[in-house]
Amino acid sequence: MAANIFVIGSGNIGSRHVQSLGNLSSKLNIFVIDPNKENLNKTKKLFFTQKFANRSNINIFFSHTIKKIQDTIDLAFIATNSDVRRKVIQELISKNNVKNIILEKVAFQSINDFDSINKLFEKKKIKSYLNFPRRVYRSYQNIKKKFQNENKIYVSNIDVRLSLSSHSLHMLDLLAYLTDTNKIFVEDVLLKNEIYNSSRGSVEFAGKLKFSTERGDTLYLCDQDRDKDKKNLGVTKIESKNLSCFIYENYQKIVQIEFDKNNFKTETFEIPFQSMLTYSIVDELLMKNKISLTKLKDSYNHHKILLEIFTNHIHKCDLKITGCPIS
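All values derive from a computational prediction rather than experimental measurement.

A. A look at the side chain of Glu104. Mapped onto the secondary structure, Glu104 falls in the loop between β5 (100-103) and α4 (111-124). One buried charged side chain, Glu104, makes no salt bridge at all; its nearest oppositely charged neighbour is Arg85, positioned 6.8 Å away. Beyond its immediate stretch of four places on either side in the chain, Glu104 contacts Ile13, His17, Ile78, Ala79, Arg85, Leu130 and Asn131.

B. Main features of the sheet that holds strand β11 (residues 235-239). Spatially, β8-β9-β10-β7-β11-β12-β13-β14 is the arrangement adopted by the eight strands of the open sheet, whose pairing is mixed. Pairing within the sheet leaves two strands with one partner each, and these edge strands are β8 (184-197) and β14 (263-268). Pairwise comparison of adjacent strand axes, ignoring direction, gives a mean angle of 15° for this sheet. In this sheet, strand β13 (residues 253-258) lies alongside strand β12 (residues 243-248) in antiparallel orientation, the contact comprising six bridges. Within β13, the residue paired with Leu243 across the bridge is Glu258. The strands that helix α5 (residues 138-147) touches are β11, β12 and β13; relative to β12, the one it contacts most, it runs at about 165°. Running at roughly 40° to β8, helix α8 (residues 300-316) makes contact with β8 and β9 (203-213) of the sheet.

C. Inspection of the packing of α5 against helix α6 (residues 164-179) at higher detail. Contact geometry for α5 and α6: axes closest at 9 Å, N-to-C directions at 50°. One way to sum up the angle between α5 and α6 is to call them oblique. Crossing of α5 over α6 shows right-handed handedness. Contact with α5, carried on its side by Tyr140, Gln141, Ile143 and Lys144, involves Leu174, Tyr177 and Leu178 of α6 and no other residues of that element. Looking at side-chain class alone, the contact of α5 with α6 contains five nonpolar, one polar and one charged residues.

Reading the values: rules and limits
Residues numbered from 1 in each chain as written. Predicted model: local features only at pLDDT ≥ 70, side-chain atom pairs only at ≥ 80, totals over all residues. Heavy atoms only, no water. Helix = DSSP H or I, 4+ residues; strand = E, 2+ residues; numbered from the N terminus. Buried < 20%, exposed > 50% of the residue type's maximum accessible area, 1.4 Å probe, protein only. Lys, Arg positive; Asp, Glu negative; His and termini not counted. Salt bridge = Lys/Arg side-chain N within 4 Å of Asp/Glu carboxyl O. Contact = heavy atoms within 4.5 Å. Pairing = 2+ DSSP bridges. Axes fitted to C-alpha atoms, helices over the stretch in contact; angles between N-to-C directions. Parallel < 35°, antiparallel > 145°, perpendicular 65-115°, else oblique. Left-handed = near helix turned anticlockwise from the far one by under 90°. Nonpolar A, V, L, I, M, F, W, Y, C, P; charged D, E, K, R; others polar.

Okay, here's the thing in structure tokens:
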């Protein structure tokens, strides 16, 4: 029996989900929904390459609206903008029986939306996750093993145009993953008194954020020199008493210093594209009935922290911006 996969939103990330699904050997019915005709056409071109054109195990359908299907939806990817996500999920669930849902970050632009959808998922017994892919990168899984016996770790990311609103949730989730805790607290907030326009009508912030865990792990994020024409190096530093790792995701390299062994080395640090990840996530679901991504409820506190920080800063800047338009 074919599995039913919905991809709602076929923009940049959504189209890569669809492209990746073509690698699966399981029988699939893929439903791609997007009101934007241009997005749908681009996704069709990505999928209908020579590689996938004659795949008899996959049926794919394209639509501008969410349809009701007769069978249960095994998995739905919600890759829309965050401002319409609550409405999209409510429409999907009102028309269909859904088992699993994967959301892109930011999950929602308000805690009220988060609370409402959480209650709906609990009522309908829908398993929900967030697409924080570092948890399923083999490279970061190896990093976690290296630091698993350390008493505490220090994670930092200092860069040009770091994009705090979109990047902070990924880094909070990384800290939670490496330390096996979701209890993260705000230590310091120092944002610049300026708000920057970002993509799809969202906004961005510059400045410094610091977080900590109960055992003393810290996360420090700094978006600096945003107005200067400098290149983003994409470096994440993870340190402990015995080990320092400098991870350059943009260049897929890691520099490691083992102080206790007086050892220094540079290695490849694999960062797979989304088009390489989605099919492995879906394959795990179909074969093992599990998904290794972050559970939506486990990111609730992280969303609440950041939404409060950014909403307060918008009000402080006295700008005519409604809500917290981040993505």
